[in-house]
Amino acid sequence: MKPKIVLAYSGGLDTSILVRILSTDYNYDVVCCHVDVGEARDPEYIATRARKAGAVAVEIVSAQEEFAKDFCFPALQANALYENIYPLSAALSRPLISKHLVQAARKHGASAVAHGSTGKGNDQVRFDLATKGLAPDLKIVAPQRERNITRDEAIEYAAKHGIEVPTTKKSPYSVDENIWGRSIEGGVLEDPNQVPPEDAFAWTKSWQDAPNEPGIVKIGFEAGLPVSLDGKALSPAALIKQLSALAGLHGVGRIDLMENRFVGIKSRENYECPAAVTLITAHKDLERFTTLGMSHKVKATLDQKYAELIYEGFWFSPYRAALQAFNDEHNKFVTGEVTVRLFKGACQVIGRTSPFGIYNLAMSTYGVDDKFDHRAAEGFIKLVGLQLYEYSRLHGGAVDTTTEKA
Ligand code: ARG
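Conventions used here
The numbers attached to residues start from 1 for each chain and follow its sequence in the written order. Confidence filtering applies because this is a predicted model: local features only for residues at pLDDT of at least 70, side-chain atom pairs given and counted only at 80 or more, and all residues used for totals across whole chains, interfaces and linings. With hydrogens and water stripped out, all remaining heavy atoms of the structure feed into the side-chain values. Whether two aromatic rings pair depends on their centres lying within 6.5 Å, for rings of Phe, Tyr and Trp, where Trp uses its six-membered ring; planes under 30 degrees apart make the pair stacked, over 60 edge-to-face, and the rest tilted. Only DSSP runs of H or I with at least four residues qualify as helices, and only runs of E with at least two residues qualify as strands; both kinds are numbered from the N terminus onward. Only protein chains enter the calculation, and the probe is 1.4 Å; a residue is then buried if its accessible area is under 20% of its type maximum, exposed if over 50%, and partly exposed in between. In this scheme, the term charge over a ring applies when either NZ of a lysine or CZ of an arginine sits within 6 Å of the ring centre and within 35 degrees of the ring normal. When at least one non-hydrogen atom of a residue lies within 4 Å of a molecule or strand, that residue is treated as near it. Under this definition, polar contacts are N or O atom pairs within 3.5 Å; protein pairs additionally need one hydrogen-donor-capable and one acceptor-capable atom, and for neighbouring residues in sequence, both atoms have to be side-chain atoms. Residue burial considers only the protein chains on display, and all accessible areas are found by Shrake-Rupley using a 1.4 Å probe. Residue polarity follows a fixed list, in which Ala, Val, Leu, Ile, Met, Phe, Trp, Tyr, Cys and Pro are nonpolar, Asp, Glu, Lys and Arg are charged, and the others, Gly among them, are polar. When DSSP finds two or more bridges between two strands, those strands count as paired. To obtain an axis, a line is fitted to C-alpha atoms, over the contacting stretch when the element is a helix, and the angle between two such axes runs from 0 to 180 degrees between their N-to-C directions. Roughly parallel means an angle under 35 degrees; roughly antiparallel means over 145; roughly perpendicular covers 65 to 115; every other angle is labelled oblique. Every residue pair with non-hydrogen atoms within 4.5 Å of one another is taken to be in contact. Here the expected span of a helix is defined as 1.5 Å times the quantity of residues minus one. Take the buried Ala, Val, Leu, Ile, Met, Phe, Trp, Tyr and Cys residues and link them wherever side-chain atoms come within 4.5 Å; each set so joined is a nonpolar core. We define a salt bridge as a side-chain nitrogen of Lys or Arg found within 4 Å of a carboxyl oxygen belonging to Asp or Glu.

Caption draft 1: Looking closely at the packing of aromatic side chains. Under the criterion given, the structure shown has eight aromatic pairs. Ring geometry for Tyr82 and Tyr311: centres 3.5 Å apart, planes at 5°, overall stacked. With Tyr82 in the loop between helix 3 (64–77) and helix 4 (89–108) and Tyr311 in helix 10 (residues 293–311), the pair connects residues that are 229 residues apart, well separated along the chain. On the basis of relative accessibility, which here comes to 8%, the residue Tyr82 falls in the buried class. According to the relative accessible area criterion, Tyr311 is buried, its value standing at 1%. Their ring planes at 85° and their centres at 6.4 Å tell us that Tyr86 and Tyr311 sit as a pair that is edge-to-face. Taken together, the residues Tyr86 in the loop between helix 3 and helix 4 and Tyr311 in helix 10 connect sequence positions 225 residues apart. This pair shows no difference in class: Tyr86 is buried, exactly as Tyr311 is. The side chain of Arg320 reaches across the aromatic face of Trp315, ending 3.9 Å from its centre.

Caption draft 2: Representation of the site of the ligand. With respect to spatial proximity, 15 residues lie near the ligand, and among them Tyr86, Asn122, Asp123, Arg126 and Glu259 are the closest. Residue Asp123 places a side-chain N or O atom 2.8 Å away from a nitrogen atom belonging to the ligand. Protein chains shield 85% of the accessible area of the ligand, which is 350 Å² for the free molecule. Of the residues forming the shell around the ligand, the biggest block, three residues, is contributed by helix 4. Grouping the constituent residues of the shell around the ligand by class yields five nonpolar, three polar and seven charged.

Caption draft 3: Local environment of the sheet that holds strand 11 (residues 254–260). Taken in spatial order, the four strands make up an open sheet running 6-7-12-11, and their pairing is antiparallel. Looking at which strands have only one partner, the edges of the open sheet turn out to be strand 6 (174–178) and strand 11. Adjacent strand axes in the sheet meet at a mean angle of 25°, parallel and antiparallel pairs treated alike. Where strand 6 meets strand 7 (residues 181–185), five bridges bridge the pair, whose relative direction is antiparallel.

Caption draft 4: The arrangement of the packing of helix 8 (residues 236–249) against helix 9 (residues 274–290) in detail. Taken N-terminus to C-terminus, the directions of helix 8 and helix 9 make an angle of 100°; their axes are 7 Å apart at the nearest point. Between helix 8 and helix 9, the interaxial angle falls into the category roughly perpendicular. Of helix 9, the residues touching helix 8 (which contributes Leu239, Ile240, Leu243, Ser244, Ala247 and Gly248) are Pro274, Ala275, Thr278 and Leu279. Residue composition of the contact of helix 8 with helix 9, grouped by class: seven nonpolar, three polar and no charged.

Caption draft 5: Inspection of the sheet that holds strand 1 (residues 4–8) at higher detail. The five strands are arranged 3-2-1-4-5 in an open sheet whose pairing can be described as parallel. Each having just a single partner strand, strand 3 (57–62) and strand 5 (139–141) make up the two edges of the open sheet. Here the strands of the sheet are splayed against their neighbours by 25° on average, with no regard to which way each runs. For strand 4 (residues 112–114) and strand 5, the ladder comprises three bridges, and the chain directions are parallel. When the bridges of strand 5 are listed, Ala112 appears paired with Lys139.

Caption draft 6: Fine view of the side chain of Ser117. Along the polypeptide, Ser117 turns up in the loop between strand 4 and helix 5 (123–134). Classification of Ser117 by relative accessible area gives buried; the value is 8%. If near-sequence neighbours (up to four positions away) are discounted, Ser117 is found in contact with Asp123, Gln124, Phe127, Ala142, Gln144 and Arg145.

Caption draft 7: Here's a closer look at the side chain of Lys299. Here Lys299 shows up in helix 10. For Lys299, a relative accessible area of 1% translates into the label buried. A distance of 2.6 Å separates the side chain of Lys299 from the backbone oxygen of Gln77, its partner in a polar contact. Beyond its immediate chain neighbours, meaning those up to four positions away, Lys299 contacts Gln77, Ala78, Asn79, His283, Glu287, Phe326, Asn327, His330 and Asn331.

Caption draft 8: Molecular detail of helix 1 (residues 13–24). For helix 1, which comprises twelve residues, the first-to-last C-alpha distance of 17 Å matches the rise-based estimate of 16 Å (1.5 Å per residue) to within 8%. In terms of burial, helix 1 is largely enclosed, as nine of its twelve residues are buried. Of all the residues in helix 1, the buried ones are Leu13, Thr15, Ser16, Ile17, Leu18, Val19, Ile21, Leu22 and Ser23.

Caption draft 9: Representation of the nonpolar core in the model. Ranked by internal contacts, the top residues of the largest apolar core, which has 73 residues, are Leu88 and Ile310. Broken down by element, this core gets its largest block of residues, nine residues, from helix 4. In contact with Leu88, not counting residues within four places along its chain, are Ala80, Leu81, Tyr82, Trp180, Ala307, Ile310 and Tyr311.

Caption draft 10: Representation of the pattern of salt bridges in the model. Counted under the stated rule, the structure contains 23 salt bridges. Notably, a salt bridge pairs Asp123 with Arg94, separated by 2.9 Å at the nearest N-O pair. Of this pair, Asp123 sits in helix 5 while Arg94 sits in helix 4, and the two are 29 residues apart along the sequence. Among the residues examined, Asp123 registers a relative accessible area of 22% and is labelled partly exposed. For Arg94, a relative accessible area of 8% puts it in the buried group.

Below, the structure written as structure tokens:
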């Protein structure tokens, strides 16, 4: 009997030929595992294709809600934007897929898992590290990384072995999508100065085609997690999808980034992440409103670290668990509603309410109801400036580098 391997299967040409390669060249019985994170593919069709390609078993996992709740939302609590720009949509799906590969491996008694990543991207790192983090005993096989099979070779191989090539028209771009966002690479976009053509986008309108009236939406949060849109409670995945449609209609979430890959390459990446961009904008605002300034500042630094660890594949690590503990505590009272205006590609917060807003009108007002003790400020400044005062006294006056030297 052959040993078993679980392959992360997308239903496309590349992973279909991998089924055959893994069974003939690597001598495995191949179990295909497809994890649905919202890439709008037909699971039935995928299962049929996997069997036709030679899989001994197929696992189709509906994971949209799990992805939203356990991956996108913690990333949202961390306001996770890689290099302050990219909401990590592709990066977040890899540990989830790996988790299901490991589960399928246990179920089928497999000794290895396989994925179709090349040696040039971040995804291989994420699949490998997530798998190792969860199941150090499983072997990882990545034939594409070992062999660098070109598209022409793949088509030739498929024809030779009677593997059906997908009937869908091949996009001129390399696209990865899930409910948190859509990444678009390759083709003409490889020229960093090429304005992204409209055919690169599927979820967002251009600002020209977006409605001339803004869209206004109220996003409800509880403990830093979105729970409702305009007062209507929604499940995590449903909320993301509904908001994605609305923000996308208004052209929100297009991103063009010269990105630093973990593997060293600088690449030009385009994204459409309408829901992620809107939710992060709203969440950041509500955090500002409801948390202490000092912890807010620490968190801004940790948020960048959190984004990096997602990008670099360390989701299943004690590092993420520790940062998550901080975020959960910090978000305990990040509850309320944020009003966002979506208009011609822009996403702006225009109002917020919360039972826990650390805002006291009697303290902040410039009006007649001012209850702030102005005289207390004098003592405060005295203490804050104590050392500066001593220094200035010792050195005979001001430290003024803006004065012209005589
Ligand atoms: N550059 C992005 C990232 O590393 C997008 C990757 C998309 N993956 C893909 N196989 N097309 O997260």
